[in-house]
Amino acid sequence: MRNITDLIEQYLKQMIRESAEGTVEIQRNELADKFSCVPSQINYVIATRFTLERGYLVESKRGGGGYIRIRKLELPDCQPIHEHVLRTIGNRIDQSAAEGLIYQLAEAKLLDGREAQLLKAAVSRETLAVNLPLRDEIRARLLKAMLIALLVES
């Protein structure tokens, strides 16, 4: 028998597949009721199974009318580039490596000059004014999120 985490994941993926836009919007408490589990179980599934690295964008709004929106990202037909980006960034990346990756993507015409400049500004040590190793971890998370947003087909 499969565990509750797998069942919730499969249910959400099925909903996304059936959606015309590749997006599902859920109420955490309603989903927890459907699976007879605590809402934190839903949080766990979303945090571990619906990540940027796995090709999902998750947005949430807290409060009484809050929701969780999960969107399947459709990357351009350059899957090797996507894999290279994620492999290069990893869990942390220093400024030099980040700028090198941005340069590679700009040279490949996957980013225009303005996008490259914005990315460099966002991941600079002056902007991320915190101590290492936290700075490199924040830089990696920001860079992954921004690159995936830029490389996703609308």
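Let me begin by describing the structure that accompanies this report. Treat the numbers as computed from the prediction; the structure is a model and nothing was measured.

**Notes on the layout of surface pockets**
Phase 1: Approximately 390 Å³ is the volume attributed to the largest pocket.
Phase 2: Every residue lining the largest pocket is counted, 17 residues in all, and those nearest its centre are Arg28, Asn43, Lys61, Arg62 and Ile68.
Phase 3: Looking at the lining of the largest pocket, the elements with two or more residues in it are helix H2 (28–34), helix H3 (39–49), strand E2 (56–61) and strand E3 (67–72).
Phase 4: It is E2 that provides the largest number of residues to the lining of the largest pocket, a total of 4 residues.

**Structural notes on the nonpolar core**
Phase 1: In this structure, Ile8, Leu12, Ile26, Ile42 and Ile70 are the most contacted members of the largest nonpolar core, which totals 16 residues.
Phase 2: Going through the elements one at a time, helix H1 (4–18), strand E1 (23–26), H2, H3 and E3 are the ones with two or more residues in this core.
Phase 3: Excluding residues that lie within four positions of it along the chain, Leu12 makes contacts with Ile26, Leu31, Ile46, Phe50 and Ile70.
Phase 4: Val85, Ala116, Ala140 and Leu143 belong to the second-largest nonpolar core, a separate cluster that totals 14 residues.

**Section: helix H5 (residues 95–107)**
Phase 1: An ideal rise of 1.5 Å per residue puts 18 Å on 13 residues; H5 measures up with 18 Å between its terminal C-alpha atoms.
Phase 2: Where H5 starts, the residue carrying a side-chain oxygen 3.2 Å from the main-chain nitrogen of Ser96 turns out to be Asp94.
Phase 3: Of the residues one or two after H5, Lys109 is the one with positive phi, at around 65°.

**Considering the pairing of E1**
Phase 1: Every second residue of E1 is oriented toward a common face, the buried set being Val24 and Ile26 and the non-buried set Thr23 and Glu25.
Phase 2: In terms of strand pairing, E1 meets E3 through 4 bridges, oriented antiparallel. Bridge assignment links Glu25 to a residue of E3, and that residue is Arg69.

**Examining the pattern of salt bridges**
Phase 1: For the structure shown, the criterion picks out 7 salt bridges.
Phase 2: When the shortest N-O distance is used, the salt bridge between Glu25 and Arg69 registers 2.8 Å. Highlighted residues: Glu25 in strand E1 and Arg69 in strand E3, separated in sequence by 44 residues.
Phase 3: Overall, Glu25 belongs to the partly exposed group, its relative accessible area being 47%.
Phase 4: For Asp136, the salt bridge is made with Arg139, and the minimal N-O distance between the two is 2.6 Å. Of this pair, Asp136 and Arg139 both sit in helix H7 (residues 134–151), 3 residues apart, roughly one helical turn. A single burial state applies to Asp136 and to Arg139, both of which are buried.

Conventions we followed
Within each chain, residues carry numbers counting from 1 in the order of the written sequence. The predicted origin of the model limits local features to residues at a pLDDT of at least 70 and limits the giving and counting of side-chain atom pairs to 80 or more, whereas totals for whole chains, interfaces and linings rest on all residues. Where side-chain values are given, they derive from all heavy atoms of the structure, hydrogens and water being excluded. Cavity means a closed set of points on a 1 Å grid over the protein atoms alone, one where a 1.4 Å probe fits but cannot get out, pocket means an open set with protein on both sides within 12 Å along at least 5 of 7 lines, and lining means a residue has an atom within 4 Å of a point. Grid points are joined across faces, edges and corners, and a volume is the space filled by probe spheres set on the points. Helix and strand labels come from DSSP, where a helix needs a run of H or I of at least four residues and a strand needs a run of E of at least two; each type is numbered from the N terminus. Among buried residues, those of type Ala, Val, Leu, Ile, Met, Phe, Trp, Tyr and Cys that are joined through side-chain atoms within 4.5 Å constitute a nonpolar core. We call a residue buried when its accessible area falls under 20% of the maximum for its residue type, exposed when it is over 50%, and partly exposed in between, using a 1.4 Å probe and counting protein chains only. We call two residues in contact whenever any of their non-hydrogen atoms come within 4.5 Å of each other. Residue count minus one, scaled by 1.5 Å, sets the expected span of a helix. Pairing of N or O atoms within 3.5 Å defines a polar contact, subject to two protein rules: one partner must be a possible hydrogen donor and the other a possible acceptor, and residues neighboring in sequence count only if both atoms are side-chain atoms. Paired strands, as defined in this entry, are two strands with at least two bridges between them according to DSSP. Any carboxyl oxygen of Asp or Glu that lies within 4 Å of a side-chain nitrogen of Lys or Arg is treated as forming a salt bridge with it.

Function cannot be inferred from these measures alone, as they are strictly geometric.
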